[in-house]
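What the coordinates show
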Amino acid sequence: MLRPGEIFPSTVLTTERLLLRPFTAADAPDVHAAWQDAAFVASAPVGYPYAGADLPTAVAWCTSGIEQRRLDGKGVGFALAPRAGGRLAGHVALFGADWDARTAEIHYWTAPWARGHRYAAEGAAAVARWALRDVGLERVHLQADTTNAASRRTAEAAGFQFEGVLRSLAPTRQGPRADMAVYSLIRADL
């Protein structure tokens, strides 16, 4: 049973260029398209159920799945919508919340048509700082495959500090196990 304060609040965040908001059914076609992208599928963890998933799965995820994770106290997800309008740019989520330790992991992806604009870094920075300042977390961390230069650049651009490498941590779709770079942002960093 969840104790008071063990559910991320439902909120909308804004940055200079982005509106970070809950997903809606209207986002499902763009989410589905992003999940089909070859780069997304190749970089998704083995066993990640959404890499290559179908449109009905994207609809369910956008309309109830991601919200249920929030209601269960496990995390919160944000759609990255450009404030100037246009297609969904990406997703930033906190997951694996440990309410006793006051920590969570952060995850992000950028839709193929929105890459190169640093939307993921802008969104990840906003979500992490919100979690540390307003939600009361003490640490937000992430792991990125050491060969995924874009994800590592995103983490650094969002203000996360490199902590080290966990060797041979995760199986990959390409065969050999991946070394994972660990990054974090803690309340004292703010």
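Now for a description of the structure that goes with this document. (Residues numbered from 1 in each chain as written. Predicted model: local features only at pLDDT ≥ 70, side-chain atom pairs only at ≥ 80, totals over all residues. Heavy atoms only, no water.)

**Some details on helix α4 (residues 119–135)**
Given a rise of 1.5 Å per residue, 17 residues ought to cover 24 Å, and the 22 Å separating the end C-alpha atoms of α4 matches this to within 8%. Burial analysis of α4 places 14 of its 17 residues in the buried class, the great majority of the element. G136 sits one or two residues past α4 and shows a positive phi near 95°. (Helix = DSSP H or I, 4+ residues; strand = E, 2+ residues; numbered from the N terminus. Expected span 1.5 Å × (residues − 1). Buried < 20%, exposed > 50% of the residue type's maximum accessible area, 1.4 Å probe, protein only.)

**Some thoughts on the pairing of strand β8 (residues 175–186)**
Pairing geometry for strand β6 (residues 139–145) and β8, over seven bridges, is antiparallel. Among the inter-strand pairings, Q143 is bridged to a residue of β8, identified as V182. Pairing of strand β7 (residues 161–172) with β8 involves seven bridges; the strand directions are antiparallel. Its bridge partner lying in β8, A170 is registered against A178. (Pairing = 2+ DSSP bridges.)

**Some points on the pairing of strand β5 (residues 103–110)**
The element β5 is extensively covered by neighbouring structure, given that seven of its eight residues are classed as buried. Here strand β4 (residues 90–98) pairs with β5 via seven bridges, running antiparallel. Among the inter-strand pairings, D98 is bridged to a residue of β5, identified as T103. Once β4 ends, the chain turns through four residues before running back antiparallel as β5, passing R102 with a positive phi of about 60°. Examined bridge by bridge, β5 and β6 share three bridges and lie parallel to one another. From the neighbouring strand, T103 faces β6, where its bridge partner is R139. Read as a crossover between parallel neighbours, the route from β5 over α4 to β6 is right-handed. (Right-handed = clockwise from strand over helix to strand, strands pointing away.)

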